[in-house]
Each structure stands twice: as C-alpha cells, then as structure tokens.
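Descriptive structure summary
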Amino acid sequence: MRKNIVAGNWKMNNDLPETEALISDLLKQKQTSNAEVIIAPTAVNLYQAFNATRNSNIEVVAQNMHFAENGAYTGEISAAMLKSVGVNTVIIGHSERRAYFNETDDLLAKKVDTALKNDLRVIFCFGEELNDRKSGNHETVVENQIKNALFHREASAFKNIILAYEPVWAIGTGETASPEQAQDMHKYIRQTLNTKYGKEVSQDMTILYGGSVKPANAKEIFSKPDVDGGLIGGAALKAEDFYAIINAF
Ligand code: PGA
C-alpha cells in the first residue's frame, strides 16, 4: 500500500547517550500529519532505540545488513540479528554504501533477497551522480540500478519494498533536486515499474525522495504527486527539524 513515510537516516552519528537524548526529544514533538515515522540509528544502538520508542509510532530500522544468513563475516550483521532486536525494516543500497564500501548492484540484489526472505521490509536507495545528470543519463542510470537489484523479484515482493530516490549530488551538499526534478524522476520510476509489473505494483509503490530535504523545502517536494515522502539525513538529527518535515504533509 502506498503511504507517506518520513525516514531519518542517522548515518554514523549519535552514540548511546545521544541516541537516547534525541529519541527523548523526538517523543516530545507533536505530529500533525499521518506520515509513517522511521528512524535509522547506528546498529549498536538499535535495541536501545527499539525499547525507547516501544510505546510510540516511531519505527526503528537498520541502515545496513549482510546478505549471508550467518557465519564467518567478521564485523557484519545478519537479518536474524536485526529481527531479534525488534527491527522489521532495513535500508539497502544507500549511495554511501555503494561509494565507500563498493556495494554493487549484484551484492544489493542478494541483500534484498535475504532481507525479504527474513520478512524484513526493504528501503531500497538509488540515485544518479552529478555526471549522469549533466550528461542526461540520469534516467537510464536509475532505471538500471532498480532493474539490476530488484527486477529478478516477483510482483508480490514489492509489497515489502519502499523505494528511495536520492540523487548523489544532492546528499549532504545542501543542494536539493528541484521539486520538478524529483517529480519527473519519481514518475519515470513508476512508469518503469508499470512496464515490468503493471499498474497495481506501480501505483502502490511508496517512493521517497532524499537529498538535503529540510523544513524549508519539504512541503514543496512532498506536494508532488509521485513523491510519497522523504529519506532525511542531516535534518533528521534535530527533533524539531525532523518533525517540521514530517508535518510538511
Ligand atoms: P541529507 O542525506 O538529507 O543529509 O542530504 C540524505 C540521505 O543520505 O539519506
């Protein structure tokens, strides 16, 4: 089902006391929209975050996961481990994972499969780099990222997938895609889904925009018909700003 979702990706920020403090601030905020609220703290604090948000409507999700079920993968975290601490959703394919940890489409396809097999919902991220946008290849790049990691799946798998379009040139740079650029790409993504899987999958798909979303620009971006919410980095680290974005719907 298509929903409005605002997800905060905390990245490698906030130790345990800071995580507890930010959650306590978040719990004091007033929500006036009906958007689903998600936060993604660092893995070591997921259990504490899960407990701290237990009686709220904030869902705690993971930023990453390994594709193997278990075994000799020093430093990695499995789907079952995430499930065991209350996590039901995982972000896969963030551009920082692709760029700094060499995560390829093939690897991401495996992660998606493992997550879905373990009943984890997937927030699948993708987006073009500045060069792709400048050369006019942005639609092809995005289409390939989606096809390569997701199109081996059956239509029903998409019930547990949320897409997050994040142009790399707009992440953490202060530069946002214009609401029109976001809308054009989201529409293109929906058409791509429609071509492969038909109307139901494409119309039901929740597609988030990410990249320098702030209280000042959220309303205009979220007002676009194919934009269903946001994946928020920097602005998710301040409770007031995060809720101003949530309430922009
Ligand atoms: P940003 O990050 O909001 O700081 O640009 C977005 C993201 O990386 O998900």
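As a reminder, the structure under discussion sits directly above these lines.
In what follows, the accompanying structure is described. Everything numeric here is computed off the predicted structure, so don't read it as measured data.

The subject of this paragraph is the site of the ligand. Lys-11, His-94, Glu-166, Gly-172 and Ser-212 are the nearest of the 13 residues found near the ligand. The backbone of Gly-234 places a nitrogen or oxygen atom 2.9 Å from an oxygen atom of the ligand. Notes on the ligand: free accessible area 280 Å², of which the protein chains cover 94%. Among the residues making up the shell around the ligand, the classes are represented as four nonpolar, seven polar and two charged.

A few words now on the environment of Gly-211. Structurally, Gly-211 can be placed in the loop between β7 (207-210) and α10 (215-222). Taking the C-alpha atoms as reference points, Gly-211 and Tyr-47, separated by 164 residues in sequence, lie 27 Å from one another. Setting aside residues no more than four positions away along its own chain, Gly-211 makes contact with Glu-166, Ala-170, Ile-171, Glu-175, Thr-176 and Leu-231.

Moving on: the nonpolar core. Among the nonpolar cores identified, the biggest contains 64 residues, and Phe-124, Leu-150, Leu-163, Ile-189 and Phe-242 are the most heavily contacted of them. Formed by twelve residues, the second largest nonpolar core is a distinct cluster that contains Ile-38, Val-61, Ile-91 and Ile-162.

Moving on, we get to helix α11 (residues 239-246). Within the sequence span of α11, burial applies to Ala-239, Phe-242, Tyr-243, Ile-245 and Ile-246. Summarising the axial view, the buried residues of α11 lie within an arc of 155°, below the 170-degree limit, and thus occupy one face. Next to the buried residues of α11 lie β1 (5-9), α1 (16-28), β2 (36-40), β3 (58-60), α10 and β8 (229-232).

Moving on: the pairing of strand β6 (residues 161-165). Among the five residues of β6, five are classified as buried, and the element is accordingly described as predominantly covered. Along β6, one buried face is formed by Ile-161, Leu-163 and Tyr-165 and the opposite face, lined by Ile-162 and Ala-164, is buried too. Examined bridge by bridge, strand β5 (residues 121-126) and β6 share five bridges and lie parallel to one another. By the bridge assignment, Val-122 is partnered in β6 with Ile-161. One ladder, built from three bridges, connects β6 with β7; its direction is parallel. Each bridged residue has a counterpart across the sheet, and for Ala-164 the counterpart in β7 is Leu-208.

Our next topic: the sheet that holds β1. With parallel pairing, the eight strands of this open sheet are ordered in space as β3-β2-β1-β8-β7-β6-β5-β4. Either end of the sheet is taken by a strand with one partner, and the two such strands are β3 and β4 (89-92). When strand polarity is set aside, the average angle formed by the axes of neighbouring strands in this sheet is 25°. By the bridge criterion, five bridges tie β1 to β2 in an arrangement that is parallel.

Two elements in contact, α10 and α11, have axes whose closest approach is 8 Å; the angle formed by their N-to-C orientations is 20°. For the element pair α10 / α11, the angle class is roughly parallel. As for the relative orientation of α10 and α11, their crossing is right-handed in sense. Of the residues in α11, those in contact with Pro-215, Ala-218 and Phe-222 of α10 are Asp-241, Ala-244 and Ile-245. In the contact of α10 with α11, the residues fall into five nonpolar, no polar and one charged.

To continue, consider the pattern of salt bridges. For the structure on display, the rule yields 18 salt bridges. Between Arg-121 and Glu-36 there is a salt bridge, with the nearest N and O atoms lying 2.8 Å from each other. Taken together, the residues Arg-121 in strand β5 and Glu-36 in strand β2 connect sequence positions 85 residues apart. With relative accessibility at 13%, the residue Arg-121 sits in the buried group. Across the salt bridge formed by Lys-224 and Glu-180, the nearest N and O atoms sit 3.4 Å from each other. Of this pair, Lys-224 sits in the loop between α10 and β8 while Glu-180 sits in helix α8 (residues 179-197), placing them 44 residues apart in sequence. Overall, the relative accessible area of 22% leaves Lys-224 in the partly exposed class. Given the relative accessible area of 41%, Glu-180 is considered partly exposed. Connected through salt bridges with shared partners, the residues Arg-2, Arg-190, Asp-226 and Asp-228 form a single ionic network.

Reading guide: rules and limits
Residues numbered from 1 in each chain as written. Predicted model: local features only at pLDDT ≥ 70, side-chain atom pairs only at ≥ 80, totals over all residues. Heavy atoms only, no water. Near = heavy atom within 4 Å. Polar contact = N/O pair within 3.5 Å; in protein donor to acceptor, adjacent residues only side chain to side chain. Areas by Shrake-Rupley, 256 points an atom, 1.4 Å probe, with all protein chains shown as cover. Nonpolar A, V, L, I, M, F, W, Y, C, P; charged D, E, K, R; others polar. Helix = DSSP H or I, 4+ residues; strand = E, 2+ residues; numbered from the N terminus. Contact = heavy atoms within 4.5 Å. Core = buried A, V, L, I, M, F, W, Y, C linked by side-chain atoms within 4.5 Å. Buried < 20%, exposed > 50% of the residue type's maximum accessible area, 1.4 Å probe, protein only. Arc of directions from axis to C-beta. Pairing = 2+ DSSP bridges. Axes fitted to C-alpha atoms, helices over the stretch in contact; angles between N-to-C directions. Parallel < 35°, antiparallel > 145°, perpendicular 65-115°, else oblique. Left-handed = near helix turned anticlockwise from the far one by under 90°. Salt bridge = Lys/Arg side-chain N within 4 Å of Asp/Glu carboxyl O.

These results come straight from atomic positions and should not be treated as a statement about function.
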